[in-house]
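Now for the letters of each chain:
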Number of protein chains: 2
Amino acid sequence: MKKYCFGIDIGGTTVKCGLFDVQGNVLDKWEIKTRSEGNGENIIPDVAAAIETKISEKGIEKADIAGIGVGVPGPVNEEGAVVTAVNLHWGYVDLAGEMEKLTGITTKVGNDANVAALGEMWKGGGEGHKNVVMVTLGTGVGGGIIIGGKILTGSHGAGGEIGHIHVEDKMDKPCGCGNKGCLEQVASATGVVYLANKKLAESSMSSVLREGEVSAKTVFDAVKAGDALACEVAEEFGKYLGTALASVTGVVDPEIFVIGGGVSKAGTVILDYVKKYYVNYVLDACKGTEFALATLGNDAGIYGAARMVIE
Amino acid sequence: MKKYCFGIDIGGTTVKCGLFDVQGNVLDKWEIKTRSEGNGENIIPDVAAAIETKISEKGIEKADIAGIGVGVPGPVNEEGAVVTAVNLHWGYVDLAGEMEKLTGITTKVGNDANVAALGEMWKGGGEGHKNVVMVTLGTGVGGGIIIGGKILTGSHGAGGEIGHIHVEDKMDKPCGCGNKGCLEQVASATGVVYLANKKLAESSMSSVLREGEVSAKTVFDAVKAGDALACEVAEEFGKYLGTALASVTGVVDPEIFVIGGGVSKAGTVILDYVKKYYVNYVLDACKGTEFALATLGNDAGIYGAARMVIE
């Protein structure tokens, strides 16, 4: 029986690292800088060195380590190779292979959004469930799908890319992906601001949102204060996201949706607006699907990465 | 090494039965009547007796049988129990358990749409793939999702229920499920007729569809003959289905969509209209997802049922 595992979350500016026991208790947590200069060729050796240092520091036997799990910001194939990761200046990188060569420890690799979903299933908002969809409402809308306790990667690494589900035929601006009318354009932090500015321009209603800069936070603060225009914006947000998550249920029928990311800091008011529309568009059997807020924040990645190596 | 398996597809009027070798060659194929009278309590004993008779007739050793796979028209839980099957007059039935008791042979049970998808993956339009979404365009729109060669059942047995993805806010009639604007209302055989009749009423264009009764077949026959109004109907159908399948890709990212059911008898013209819209709403990595017609017809169920017991 192995005792320990490492969870590594490689981001564009920092690499988050965690040492866990196999029950999922975090024993140590630290960060190193992501040296993405050049072709990002220092990143893997830096991570390997950080792990070796921690192993020495803690006096751990390598034989007691279940493995190293790594989350990366880009699509990953089934062999654990990164197809591309723009923020790391990486093209195709055999991350699992290189890490195993440097450390002699079994390594598994996943896309960061999928890995975060696995972390929330293990020790976060989805704890106790095996079929979980995580939705991250940040600058964009990310997603991760866990079926039977495992990440659904997809045939082109696009499993769980729910931010690019089409929800609005009338959208005139293109999404970052090049298409028009993606969920991300109306349900991310940026999307909420877009909806609010549109409403402010089209309506003559008074609103606290007319004073100062509009952000997802000011919109949901105004909703909590009963601002009528902000509430209309929240209804639109809820309709887009609730309808899209109903479509997700029509495909994978999860036990629970876990909602994270900056927008979710507004709290359960978000879930109320989403559920209101969700129930209109799912089969009776699914009207009771649970909704919860994510609880691990920026640590979801290291938890999920560690979980990948424990079966 | 086991040599044989049975694939059973229980429908409301007949039970289709197949004896296969484990390579997937059908050795015998027959039907019995579905005696659904009462609470359908004769169905399982009838199927068990049919299997016992076939085993004797062929002189097969039970030790050489990998198992019995059964598809049923209703949701099935992970233990192989049927939650409910209206057409069989069944409430909760422990089908796997009862069949094993009667025959002494390992039994696996799945929902019929999911089982058909597995059949098409094994020996039909999706052969050679492990991540397959099957869409059945019949009276309704059914779906089945295969990930890594296995059926995605869903937490409430609603995995792959893509006929109830919401696609039309302006739909005034309720769907059979009670919601409004489901894919099934506009992309099934019935849905195509609905779209055609709506177009005929709203437009003053001449069309061969104004003569005689409108069906999905007459619509797509008219499309092939270049009828302009019928082509507009096909565009609408393609937009609804193509956009919905793009959403499916944003969730599970399959290698291939396999399209079956009565409407698909129109042939590859269906795929052309669907793909035209699909590519607008998926990420670049997924624009090359394959589309194929189903090839097993009514036999998909027995193939998929048999496949369930072979790992």
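Predicted model only: the values in this text are computed from it and were never measured.

Chemist: Is there a simple way to explain the overall build of chain A in this structure?
Modeler: Check the secondary structure of chain A and you find nine helices and 10 strands. Taken against the 2.2 N^0.38 rule, which gives 19 Å for 311 residues, the C-alpha radius of gyration of chain A at 20 Å falls within 12% of a compact globule. Reported as C-alpha extents along the three principal axes, the dimensions of chain A are approximately 65 × 45 × 35 Å. The buried share of chain A, reckoned over its 311 residues, is 59%. Within chain A, counting contacts between residues at least 6 apart in sequence, those at least 24 apart form 61% of the total.

Chemist: It is not clear to me how the interface of chain A and chain B should be interpreted in this structure. Could you clarify?
Modeler: Where interface size is quoted, it is often the accessible area lost as the parts come together. Every contact between the two is made by 40 residues of chain A and, on the other side, 40 residues of chain B. Around 3000 Å² of area is buried between chain A and chain B when both sides are counted, 56% of it from carbon and sulfur atoms. Of all residues in chain A, the largest losses of buried area upon contact with chain B belong to H156, V251 and L283 of chain A, amounting jointly to 21% of the total for that side. At the boundary of chain A with chain B, the tally comes to 25 residue pairs in polar contact (both at pLDDT 80 or more). Counting only elements with at least two residues in the side of chain A that touches chain B, the list comes to β7 (141–147) and α7 (228–252) of chain A. With eight residues, α7 of chain A is the single largest residue contributor to the side of chain A that touches chain B.

Chemist: How should I be thinking about the packing of helix α5 (residues 189–202) of chain B against helix α7 (residues 228–252) of chain B in this particular structure?
Modeler: Helix-helix packing: each pair is described by the crossing angle between the helix axes and the interaxial distance. Residues and elements named next belong to chain B. Where α5 contacts α7, the axes come no closer than 10 Å and their chain directions differ by 135°. Of the possible angle classes, the one that applies to α5 and α7 is oblique. With respect to the hand of their crossing, α5 and α7 are arranged in right-handed fashion. Residues V192, L195, A196, K199 and L200 of α5 touch α7, and the partners they reach there are L229, E232, V233, E236, F237 and Y240. Of the residues belonging to the contact of α5 with α7, the class tally is eight nonpolar, no polar and three charged.

Chemist: Just checking my understanding: could you explain the packing of aromatic side chains for this structure?
Modeler: For any pair of aromatic rings, the description rests on two quantities: the centre-to-centre distance and the angle between the ring planes. A complete count under the given rule lists 12 aromatic pairs over all chains for this structure. Measuring from centroid to centroid gives 5.7 Å for F257 of chain B and Y278 of chain B, while their planes differ by 75°, and the two rings are edge-to-face. With F257 of chain B in strand β9 (residues 256–260) and Y278 of chain B in helix α8 (residues 268–278), this residue pair connects regions lying 21 residues apart in the sequence. Both residues of the pair, F257 of chain B and Y278 of chain B, count as buried. Ring-pair connections join several aromatic residues into one group, and the members of that group are F20, W122 and Y303 of chain A. Taking NZ or CZ as reference, K54 of chain B lies 4.2 Å from the ring centre of W30 of chain B, over its face.

Chemist: Even after reading the chapter, I still don't get the sheet that holds strand β5 (residues 107–111) of chain A, so can you show me in this structure?
Modeler: Pairing between the strands of a sheet comes from backbone hydrogen bonds, and it takes one of two forms, parallel or antiparallel. Residue and element names in this part refer to chain A. Read across the sheet, five strands follow the order β3-β2-β1-β4-β5 without closing on themselves; strand pairing throughout is mixed. Because the sheet does not close on itself, it has two edges, and the strands there are β3 (26–33) and β5. Geometrically, the sheet is characterised by an average inter-axis angle of 15° between neighbouring strands, direction not taken into account. Pairing between strand β1 (residues 4–10) and strand β4 (residues 65–72): six bridges, direction parallel. Counterpart to G7 in the pairing with β4 is G69.

Chemist: Got a minute to help me understand α5 of chain B in this structure?
Modeler: Because each turn of an α-helix spans 3.6 residues, side chains separated by three or four positions end up pointing in the same direction. Residues and elements named next belong to chain B. With 14 residues, α5 should cover 20 Å at 1.5 Å per step; its first-to-last C-alpha distance of 20 Å lies within 8% of that length. Along α5, the residues classified as buried are G191, V192, Y194, L195, A196, K199 and L200. Of the surrounding secondary structure, the elements contacted by the buried residues of α5 are α4 (184–187), α6 (216–224) and α7.

Chemist: Just checking my understanding: could you explain the pattern of salt bridges for this structure?
Modeler: It is possible for side chains of opposite charge to pair when their charged atoms get near one another. Evaluation of the coordinates by the stated rule reveals 26 salt bridges over all chains. Residue D169 of chain B is joined to K239 of chain A by a salt bridge in which the shortest nitrogen-to-oxygen separation is 3.0 Å. Note that D169 of chain B is positioned in the loop between β8 (150–151) and α4 and K239 of chain A in helix α7, a pairing that runs across two chains. K239 of chain A sits in the partly exposed class, given a relative accessible area of 28%. Residues E202 of chain B and K198 of chain B are paired through a salt bridge, measuring 3.7 Å at the closest nitrogen-oxygen approach. Linking E202 of chain B with K198 of chain B, this pair stays in helix α5, spanning four residues, or about one helical turn. Classification of K198 of chain B by relative accessible area gives partly exposed; the value is 37%. Within the structure, one salt-bridge network assembled from shared partners comprises D28, K54, E57 and K58 of chain A.

Chemist: Is there a simple way to think about the sheet that holds β8 of chain B in this case?
Modeler: Residues and elements named next belong to chain B. Judged by pairing direction, the sheet is mixed, and its five strands sit side by side in the order β8-β7-β6-β9-β10 without closing on themselves. Edge positions in the open sheet fall to β8 and β10 (290–293), since each of these has one partner strand only. Across two bridges, the pairing between strand β7 (residues 141–147) and β8 is antiparallel. Bridge pairing in β8 links I146 to I151. Here helix α3 (residues 112–123) sits on the sheet in contact with β6 (132–137), β7, β8 and β9, set at roughly 55° to β7.

Chemist: Is there a simple way to explain unusual backbone geometry in this structure?
Modeler: With the exception of glycine, most residues fall at negative phi, and the peptide bonds are largely trans. Residue and element names in this part refer to chain A. Positioned with a positive phi, H89 is a non-glycine residue whose angle comes to about 60°. Tracing the backbone through its elements, the reader meets H89 in the loop between β4 and α2 (95–103). Relative accessible area serves as the criterion here: at 42%, H89 is assigned to the partly exposed category.

Chemist: Looking at this model, I keep getting lost on the pairing of β4 of chain A. Mind explaining?
Modeler: Two faces make up the sheet, and in a regular strand the side chains alternate between them. Residues and elements named next belong to chain A. Of all eight residues in β4, eight are buried, a share of seventy percent or more. With five bridges connecting them, β4 and β5 associate as parallel partners. Its bridge partner lying in β5, V72 is registered against N111.

Chemist: Help me out: how do you make sense of the side chain of N131 of chain A in this one?
Modeler: Inspection of the secondary structure puts N131 of chain A in the loop between α3 (112–123) and β6 (132–137). Residue N131 of chain A is classed as buried on the basis of its relative accessible area of 10%. Within the structure, the side chain of N131 of chain A is placed 2.7 Å from the backbone nitrogen of G148 of chain A, a separation counted as a polar contact. Residue contacts for N131 of chain A: discarding those within four places in its chain leaves I146, I147, G148, P254, E255 and I256 of chain A together with S155 of chain B.

Criteria and cut-off values
Residues numbered from 1 in each chain as written. Chains lettered and ligands numbered in written order. Predicted model: local features only at pLDDT ≥ 70, side-chain atom pairs only at ≥ 80, totals over all residues. Heavy atoms only, no water. Helix = DSSP H or I, 4+ residues; strand = E, 2+ residues; numbered from the N terminus. Rg over C-alpha atoms; globule rule 2.2 N^0.38 Å. Buried < 20%, exposed > 50% of the residue type's maximum accessible area, 1.4 Å probe, protein only. Contact = heavy atoms within 4.5 Å. Buried area = accessible area lost by both parts, 1.4 Å probe. Polar contact = N/O pair within 3.5 Å; in protein donor to acceptor, adjacent residues only side chain to side chain. Axes fitted to C-alpha atoms, helices over the stretch in contact; angles between N-to-C directions. Parallel < 35°, antiparallel > 145°, perpendicular 65-115°, else oblique. Left-handed = near helix turned anticlockwise from the far one by under 90°. Nonpolar A, V, L, I, M, F, W, Y, C, P; charged D, E, K, R; others polar. Phe/Tyr/Trp six-rings, centres within 6.5 Å; stacked < 30°, edge-to-face > 60°. Lys NZ or Arg CZ within 6 Å of the ring centre and 35° of its normal. Pairing = 2+ DSSP bridges. Expected span 1.5 Å × (residues − 1). Salt bridge = Lys/Arg side-chain N within 4 Å of Asp/Glu carboxyl O.

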